Amino acid sequence: MHTTPWMTASRRAAAFGIAGLVAAGTLSGCTSSESDATSASGSGDAEPTVFEMAWSGHPTELDPANMNLLEEYQFGQLVYETLTDFSDDDLAPEPELASEWSVSDDGLVWTFTIIDDAVFHSGKALTADDVVYSIMRLIDPDVPTAHAAYYTAIEEAVAIDDTTVELHLSEPMADLASALAQPYAAIVPEGSTAEELATTPDGTGPYVMDENVEGSMIVYKAFEDYRDQDSITLDEIHQVTIAQAETQSTSLIAGDIDLISQVSAQQLSTLEAADNVALIENPGASFHTIYLNTSFEPLDDERVREALRLVMDREALAAIATGGLATATADNVVLSANPYHADIEVPEQNIEKAKELLAEAGYPDGFEMDIWTTTERFGLSEMTVAYAEMAAQAGITLNVVTKTNSDLGTEGYRQQPMVAFYFTGFPDGDGSISPFYESDGAYNGGGSESPYFSDDELDELITEARSTTDTEARAELYADAQEIIAERGYALVPYEMPLVTATGSDVSGFSGSAMGYYELFNVTVES
Amino acid sequence: MVRYAAQRVGLLLLTLALVALVIFTITSFLPTDAAETKLGILATPESLEFVRQQLGLDQPVLVRFWSWFGGALRGDFGTSLVFQTEIGPLVMARLANSAVLAGLVLLISVPLGIVLGMWAGSREGGAIDRIISWVTLTAFSFPEFVWAILLIFVFANILGVLPAASIITGSPFDDPAKLVMPVATATIVVLALTIRMMRQGTVQTLELDYVRTARLKGLSEWKVFRKHVMGNAIAPAVTATGTNVAYLLGSLAVVETIFSFPGIGSLTVQAANNRDVPLLAAAVLLTSAIVTTANLVADLIVVGLNPRLRKS
């Protein structure tokens, strides 16, 4: 549940972990980048258990601090570890390389206790110095990393002893433990250079990168010095790149692969009909939205925006765009997998009320406007066309303009009155709301532009929640924020979509994740 | 002949330089660059500027081209912007994989195309000719991706006898089953092209006066065909093979992408998608070199086969 491609086929944006808002063997084997690390696989006489998972794209960025794609996060999940991890149940932060942590009363000093039995693939033992190096590398102003903006509250990381690290903040950041669970906050060995990390990854994770066939496949082997050997049930994992959805489906049904990472709605019927395929649905992974650019008339008028909200039949749009996979929402950017998600009543379509509001705003005959969309994100253009039909009932003529996904980002965002986007969700409250609704939010003009939307009450709630370490109190603040968004937000979110993963029916122990990448602990393959 | 060959080689080198320049120039006009592709458009301006400096994208396009081209002339194609690995070994390894596919396709399609083309041409208007013509026209009328999907549907989906994806890590020959569908897909269209060219050459040659004279001399039909038709009819087939190499390399981009086969074609597509200009330029340059060299060799063979052309 991260990022959002609007830039390239699978590119997801950087800031705030939104990977992309905007979102190869050889005869000689000489293209492969091989790790020197030892692995458990192949040490015995038995045939190694190999798990093949298909992804539509190949990880190109192997330096964790600059990862942007889900497939890169998957690489990070197997090779690296973070101080904290997202729990499988509710995505709340739980211990990983940090066994425990505490925060000072003023919320400005976080103290992490580092486990003492973690070892890098190179054989080096993990120490607090590695943690300090990794965190400082994330925020180094001289060498900017892709997600630095997410960690601006961190001023300094200090090693107190071999197993204790303090993070000193300039302002409270209640979601810090969640922020440190992000794959780009992976812990790397002290002194690792960008070049080393790009070609010879060295993490403490359960799997060692054994071979990288650029653009085609990564081979991982079980790490024999991993501290919890019992949870490693696969000797080898192959992360293969199969761009064609049909080829993915056929390969899974034929038993050539064991998992399809992200099943699209177009693949569903084929996979559902197969008797040797299991589908795992994790709700609240992504959403479609229509951005209303308030710097264009008449979108600057709150009544017009409300009318555009009321013409929307959300259930119908969910059915049309995703074949019923999606769930209607009340413009909520905090998705149902998020621990801070609030259940808000979904507004009904009300064409008459919309007409009244338009007349009040001085548009009794409606108005005409372009709306940009793309066919490169499944269901997005269908949603846009259907929405234009709904708006027409209130006299609003929306001219649907189809562009590339990249164009939506480079030429649509901030420059067009209405643009439809695909976003992935985010596992914490601040990361979900502030990019869209804080006055200087990254997706709300980014601070250097006039914001799409500025609301003092929302700004106050976001700021207060950021410094509120009590989870329940923070949840209440975020619930209030979600109410305001549903009432007067600028980004129309008709529905949220689940992440569907497909495995062979002989795969057991796999539970999927709305995050879109997997640990693969305790997964077994029968045949 | 030597002068002709030297002229063609000179032209080939000039073409390659122009191809590289065009790639650098065209890609500089694209709305996104490798830095934006890496970071996403919501990256901070500082991050983008830093990555552009790291990748050398802050330099003017001509400066980047000369820097890259100078290295390429010394055999150093630089480092991939996205894969962050040396381009030379990467491209050569993928070329080796594609060479296996292309070699198998040509090994099947050239001899078979010559035999079937001559057979059809020697029976112009007959049932064999009509059947072969209809089949080749059908084969040629559908693009590779249609044949690929059809083959996947039949042999992977329904029969389940061949893998739908051809992902390999070691030698392509480690698992020959993974080569079958990519080779078959490319062969269908290339074989059809070769048959049609060979048939056409045979029909035209059979209508020439000296063939009629040979028949009037009382030579057997087989002798006429072997001594007077085959040598002349084969020239267009040789030319066609040169052209087919170009067509084949284009096909491989499609075939390798559909079957996820790690070859030069799929690498080129990935480089274009990633805005990885040095890698794209190197891949296209090598592909262009192969195409132009194949055409040059084909032309030289044709000139060699024809005494009149040799003299002129």
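This structure is a prediction, so every number in the text was calculated from the model and none was measured.

Draft legend 1. Local environment of the overall build of chain B. In terms of regular secondary structure, chain B is built from 13 helices and zero strands. Expressed along its principal axes, the backbone C-alpha trace of chain B runs to roughly 85 × 55 × 35 Å. Residues counted as buried form 49% of the 312 residues belonging to chain B. Of the charged side chains in chain B, 22 are positive and 18 negative; the average position of the first set lies 17 Å away from that of the second.

Draft legend 2. Quick peek at the packing of helix H7 (residues 302–310) of chain A against helix H9 (residues 351–360) of chain A. All names here are of chain A. Relative orientation of the contacting elements H7 and H9 amounts to 165°, with a least axis distance of 8 Å. The pairing of H7 with H9 is recorded here as roughly antiparallel in orientation. Our pair here, H7 against H9, has a crossing hand that is left-handed. Two secondary-structure elements touch here, H7 through Arg-303, Val-304, Glu-306, Ala-307 and Leu-310 and H9 through Lys-353, Ala-354, Leu-357, Leu-358 and Glu-360. For the contact of H7 with H9, the residue count by class is six nonpolar, no polar and four charged.

Draft legend 3. Quick peek at helix H11 (residues 264–273) of chain B. All names here are of chain B. Counted residue by residue, H11 has seven buried out of 10 residues, so it is predominantly covered. Among all positions in H11, only Ile-264, Gly-265, Ser-266, Leu-267, Thr-268, Gln-270 and Ala-271 are buried. Positive phi shows up at Arg-275, right after H11, with a value of about 55°.

Draft legend 4. Expanded view of the environment of Ala-139 of chain B. Residue and element names in this part refer to chain B. As for its position among the elements, Ala-139 is in helix H6 (residues 127–141). Expressed as a C-alpha distance, the spacing of Ala-139 and Val-189, which sit 50 residues apart in the sequence, is 5.8 Å. Those residues in contact with Ala-139 that lie beyond four places of it in its chain are Trp-147, Ile-188, Val-189 and Ala-192.

Draft legend 5. Spotlight on the packing of helix H5 (residues 87–122) of chain B against H6 of chain B. All names here are of chain B. Relative to each other, H5 and H6 sit at 130°, their axes nearing to 7 Å. Relative to H6, the element H5 is oriented oblique. Like other packed secondary-structure pairs, H5 and H6 cross with a definite hand, here left-handed. Taken together, the residues of H6 that come into contact with H5 (itself represented by Leu-116, Trp-119 and Ala-120) are Ile-128, Asp-129 and Ile-132. By residue class, the composition of the contact of H5 with H6 is five nonpolar, no polar and one charged.

Draft legend 6. Expanded view of the domain arrangement of chain A. Residue and element names in this part refer to chain A. Entries for chain A in the domain assignment read domain 1 (11–80 + 205–276 + 505–527), domain 2 (93–192) and domain 3 (284–498). Taken residue by residue, the interface counts 23 residues in domain 1 and 22 residues in domain 2. A buried area of about 1800 Å², summed over both sides, lies between domain 1 and domain 2, and 59% of it is on carbon and sulfur atoms. Here domain 1 is connected to domain 2 by one salt bridge. As a salt-bridge pair, Arg-137 and Asp-63 come within 2.4 Å of each other at their nearest N and O atoms. On the surface where domain 1 and domain 2 come into contact, there are four residue pairs in polar contact (both at pLDDT 80 or more). Elements represented by at least two residues in the side of domain 1 that touches domain 2 include exactly helix H1 (70–79) and strand S8 (207–213). Considered class by class, the residues forming the side of domain 1 that touches domain 2 number 15 nonpolar, five polar and three charged.

Draft legend 7. Highlighting the domain arrangement of chain B. Residues and elements named next belong to chain B. The domain architecture assigned to chain B consists of domain 1 (2–73) and domain 2 (93–306). On a C-alpha basis, the centres of domain 1 and domain 2 stand 32 Å from each other. When the two sides are added together, the surface that domain 1 and domain 2 hide from each other amounts to roughly 1600 Å², 78% of it contributed by carbon and sulfur. Linking domain 1 with domain 2 are zero salt bridges, by the criterion used here. Here domain 1 is connected to domain 2 by zero residue pairs in polar contact (both at pLDDT 80 or more). Secondary-structure elements contributing two or more residues to the side of domain 1 that touches domain 2 are helix H1 (2–28) and helix H2 (34–39). Here the side of domain 1 that touches domain 2 gets 11 residues from one element, more than from any other, and that element is H1. For the side of domain 1 that touches domain 2, the class distribution of residues is 12 nonpolar, three polar and two charged.

Draft legend 8. Broad picture of the pairing of strand S16 (residues 418–424) of chain A. Residue and element names in this part refer to chain A. Of all seven residues in S16, seven are buried, a share of seventy percent or more. Across the two faces of S16 the burial is the same, with Met-418, Ala-420, Tyr-422 and Thr-424 and Val-419, Phe-421 and Phe-423 all buried. As paired strands, strand S12 (residues 277–292) and S16 are joined by seven bridges and run antiparallel to one another. Bridge assignment links Phe-287 to a residue of S16, and that residue is Phe-423.

Draft legend 9. Structural detail: empty space enclosed by the protein. Residues and elements named next belong to chain A. One number sums up the size of the largest cavity: a volume of about 140 Å³. Gly-76, Gln-77, Tyr-80, Glu-81 and Glu-96 are the residues nearest the centre of the largest cavity, which is lined by 15 residues in total. Residue assignment for the lining of the largest cavity shows that the elements contributing at least two residues are H1 and strand S2 (84–86). Each of domain 1 (11–80 + 205–276 + 505–527) and domain 2 (93–192) contributes no fewer than three residues to the lining of the largest cavity.

Parameters at a glance
- Note on numbering: residues in each chain are counted from 1, in written sequence order.
- The order in which chains are written sets their letters, starting at A; the order in which ligands are written sets their numbers, starting at 1.
- Whole-chain, interface and lining totals are the exception, using all residues; otherwise, since this is a predicted model, local features are given only for residues with pLDDT of at least 70 and side-chain atom pairs are given and counted only at 80 or more.
- To obtain the side-chain values, all non-hydrogen atoms of the structure were included, while hydrogens and water were left out.
- Going along the chain from the N terminus, every DSSP run of H or I of four or more residues is numbered as a helix, and every run of E of two or more is numbered as a strand.
- Categorising residues by exposure relies on relative accessible area from a 1.4 Å probe, with only protein chains included: less than 20% of the type maximum marks a residue as buried, more than 50% marks it as exposed, and the intermediate range marks it as partly exposed.
- Here Asp and Glu are counted as negative and Lys and Arg as positive; His is not counted, and neither are the chain ends.
- For this purpose, a charge sits on NZ of Lys, CZ of Arg, CG of Asp or CD of Glu.
- The axes are straight lines fitted to the C-alpha atoms, using for helices just the contacting stretch, and the angles between their N-to-C directions are given from 0 to 180°.
- Each angle receives one of four descriptions, namely roughly parallel if under 35 degrees, roughly antiparallel if over 145, roughly perpendicular if within 65 to 115, and oblique otherwise.
- For a crossing to be left-handed, the near helix must be turned anticlockwise from the far one by less than a right angle; the clockwise case is right-handed.
- Note on contacts: a residue pair is in contact if any heavy atoms of the two residues lie within 4.5 Å.
- Throughout, the ten residues Ala, Val, Leu, Ile, Met, Phe, Trp, Tyr, Cys and Pro are labelled nonpolar, Asp, Glu, Lys and Arg are labelled charged, and all others, Gly among them, are labelled polar.
- Delimitation of the domains relies on an automatic or database domain assignment.
- Buried area is a sum: the accessible area each of two parts loses on coming together, probed at 1.4 Å, counted once for each and added.
- We define a salt bridge as a side-chain nitrogen of Lys or Arg found within 4 Å of a carboxyl oxygen belonging to Asp or Glu.
- In protein, a polar contact requires one atom able to donate a hydrogen and another able to accept it; more generally it is a pair of N or O atoms within 3.5 Å, and residues adjacent in sequence count only if both atoms are side-chain atoms.
- When DSSP finds at least two bridges between two strands, those strands are taken to pair.
- Put plainly, a pocket is an open set of points on a 1 Å grid over the protein atoms alone with protein on both sides within 12 Å along at least five of seven lines, a cavity is a set where a 1.4 Å probe fits but cannot get out, and a lining residue has an atom within 4 Å of a point.
- Grid points are joined across faces, edges and corners, and a volume is the space filled by probe spheres set on the points.

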